[in-house]
Amino acid sequence: MPLPKPAAPERRRPLVVAIDGPAASGKSSTAKWVAKELGFRHVDSGALYRAVTAAALARQADSQEWSEDDVLAAAAVVRLEPGETSFEPRLGDAAIDDELRGAAVTAAVSLVAKMPRVREWVNARVREAAAGHPVVVDGRDMGTAVFPRARVKIFLVADPWERAKRRLLQRFERLPTDEEIAEETDALVRRDAKDESQTQRAPEAVLIDTTYLTQEQQVERIVALARSAMRLSR
Ligand code: CDP
């Protein structure tokens, strides 16, 4: 009887570190820093949803008028520009960082993120970016829908008041008042509710509550988990 053929060697897939969590839990800034430490590239899936929203706003300012086809047509100008340590969203050739964090985009992005074909479009762009290079990806469903086989999965959470305070510190570059934090907390928990169906925690994700951690501490933990996964998969 002929001997069975040896199994073809499995092609090594580049390593994926997937960081998920609710609004303003610190995913993007943490993911960016972790990517630098590891020599990986950062892909911010939320920034892609925001870029598609900015493109749709540029065509039609009233989001109530948008159909899924309109939003997908607008997405045609959005692309991910590879850099040394990240993939940055661009509208055509324009860098759009400030606009993406603005109030108009933030108010309409959850609507766009509910559109199934837009989600497929974003997921395809994120997977393309991850295909040729190890990445740290962040979002709501990176460890579940997009990279179910990611080697490292993290779910970041933090107390809503603390998340609101951090977001305002970033926005105002000064200490916010309690009234400002209260208003932002309200906006954040409302957006959490809108995003609930697409925010998924993989059962095997490591939960990190960052309420009482410095950013450096949370980065150290994730880098340690990634280095351990890299040693184990050698
Ligand atoms: O940083 P922040 O939590 O404010 O949000 P983000 O990561 O920039 O994402 C903006 C919006 O995109 C979220 O409110 C979600 O509606 C959506 N999103 C999503 O549905 N799935 C992802 N993987 C990432 C973002």
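Residues numbered from 1 in each chain as written. Predicted model: local features only at pLDDT ≥ 70, side-chain atom pairs only at ≥ 80, totals over all residues. Heavy atoms only, no water.

Asker: Looking at this structure, I do not really get the overall build of the protein chain. What am I missing?
Answerer: Secondary structure assignment for the protein chain yields 10 helices and eight strands. Rg of the C-alpha trace for the protein chain: 19 Å, near the compact-globule value of 17 Å for 234 residues, within the 12% margin. Oriented by its inertia axes, the alpha-carbon framework of the protein chain measures out at about 75 × 45 × 30 Å. Counting only residues that meet the buried cut, the protein chain has 46% of its 234 residues in that class. Put simply, 76% of the contacts in the protein chain that link residues at least 6 apart link residues at least 24 apart. Roughly 12700 Å² of accessible area belongs to the protein chain as shown, and the carbon and sulfur atoms make up 53% of that amount. Charge centroids of the protein chain, computed over 36 positive and 36 negative side chains, lie 8 Å from each other. (Helix = DSSP H or I, 4+ residues; strand = E, 2+ residues; numbered from the N terminus. Rg over C-alpha atoms; globule rule 2.2 N^0.38 Å. Buried < 20%, exposed > 50% of the residue type's maximum accessible area, 1.4 Å probe, protein only. Contact = heavy atoms within 4.5 Å. Areas by Shrake-Rupley, 256 points an atom, 1.4 Å probe, with all protein chains shown as cover. Lys, Arg positive; Asp, Glu negative; His and termini not counted. Charge placed at Lys NZ, Arg CZ, Asp CG, Glu CD.)

Asker: Looking at this structure, how should I read the environment of proline 82?
Answerer: Turning to its location among the elements, proline 82 is positioned in strand β3 (residues 78–82). What makes proline 82 partly exposed here is its relative accessible area of 47%. Along the chain, proline 82 and proline 148 lie 66 residues apart, while their C-alpha atoms are 23 Å from each other. Setting aside residues no more than four positions away along its own chain, proline 82 makes contact with Arg41 and Phe87.

Asker: Where do I start with the packing of helix α2 (residues 45–59) against helix α3 (residues 68–75) in this structure?
Answerer: Helix packing for two helices is described by the angle between their axes and how far apart those axes are. Where α2 contacts α3, the two axes come as close as 8 Å, and the packing angle between them is 105 degrees. Here α2 is positioned roughly perpendicular relative to α3, judged by the angle of their axes. Contact residues: α2 offers Val52, Ala55, Ala56 and Arg59, while α3 offers Asp70, Val71, Ala73, Ala74 and Ala75. Looking at the contact of α2 with α3 residue by residue, the classes come out as seven nonpolar, no polar and two charged. (Axes fitted to C-alpha atoms, helices over the stretch in contact; angles between N-to-C directions. Parallel < 35°, antiparallel > 145°, perpendicular 65-115°, else oblique. Nonpolar A, V, L, I, M, F, W, Y, C, P; charged D, E, K, R; others polar.)

Asker: Can you help me understand the pattern of salt bridges in this one?
Answerer: A pair can form between side chains of opposite charge whenever their charged atoms are brought close. As enumerated under the stated definition, the model contains 15 salt bridges in all. Aspartate 141 is the salt-bridge partner of arginine 119, the closest N and O atoms lying 2.9 Å from each other. Placement of the pair is arginine 119 in helix α6 (residues 116–131) and aspartate 141 in the loop between β6 (135–139) and α7 (142–146), with a sequence separation of 22 residues. Each member of the pair, arginine 119 as well as aspartate 141, carries the same accessibility label: buried. One salt bridge connects glutamate 184 with arginine 171, and the closest N-O pair in it is separated by 3.3 Å. Of the two residues, glutamate 184 sits in helix α9 (residues 178–194) while arginine 171 sits in helix α8 (residues 160–172), which places them 13 residues apart along the sequence. A single network of salt bridges, built from pairs that share partners, joins Glu68, Asp69 and Arg117. (Salt bridge = Lys/Arg side-chain N within 4 Å of Asp/Glu carboxyl O.)

Asker: Is there a simple way to think about the packing of aromatic side chains in this case?
Answerer: The relation between two aromatic rings is expressed through the spacing of the ring centres and the mutual angle of the planes. Evaluated as defined, the whole model comprises zero aromatic pairs. A cation sits over an aromatic face here: arginine 125 above tryptophan 121, 5.0 Å from the ring centre. (Phe/Tyr/Trp six-rings, centres within 6.5 Å; stacked < 30°, edge-to-face > 60°. Lys NZ or Arg CZ within 6 Å of the ring centre and 35° of its normal.)

Asker: How do you make sense of the packing of α2 against α6 when you look at a structure like this?
Answerer: Two numbers describe how α2 lies on α6: the axes approach to 10 Å, and their chain directions differ by 130 degrees. Our classification of the angle between α2 and α6 gives oblique. Once α2 is placed against α6, the crossing between them reads as right-handed. Where α2 abuts α6, its residues Ser45, Leu48, Tyr49 and Val52 lie against Val118, Arg119, Trp121, Val122, Asn123, Arg125 and Val126. (Left-handed = near helix turned anticlockwise from the far one by under 90°.)

Asker: Explanation requested: the domain arrangement of the protein chain in the structure shown.
Answerer: Interface size is commonly expressed as the accessible area that is lost once the parts come together. Annotation of the protein chain at the domain level lists domain 1 (16–40 + 134–234) and domain 2 (45–133). Placing a centre on the C-alpha atoms of domain 1 and another on those of domain 2 gives a separation of 20 Å. Each side of the interface is counted separately: domain 1 has 22 residues, and domain 2 has 18 residues. Summing both partners gives a buried area of about 1600 Å² for domain 1 against domain 2, and 46% of it is carried by carbon and sulfur. The interface formed by domain 1 and domain 2 contains two salt bridges. Here glutamate 88 ties to lysine 32 by a salt bridge, and the two come within 4.0 Å at their closest N and O atoms. (Domains from an automatic or database assignment. Buried area = accessible area lost by both parts, 1.4 Å probe.)

Asker: Is there a simple way to explain the nonpolar core in this structure?
Answerer: In globular proteins that are soluble, nonpolar side chains generally tend to be buried together. Residues Val126, Val137 and Phe147 are the most contacted members of the largest nonpolar core, which totals 40 residues. It is α2 that contributes the most residues to this core, nine residues altogether. Mapping this core onto the domain boundaries places at least three of its residues in each of domain 1 (16–40 + 134–234) and domain 2 (45–133). Apart from residues lying up to four places away in sequence, phenylalanine 147 is in contact with Val16, Val126, Arg127, Ala130, Val137, Met142 and Lys153. Grouped together as the second largest cluster of nonpolar side chains are 19 residues, Ala31, Val34, Val152 and Ala229 included. (Core = buried A, V, L, I, M, F, W, Y, C linked by side-chain atoms within 4.5 Å.)

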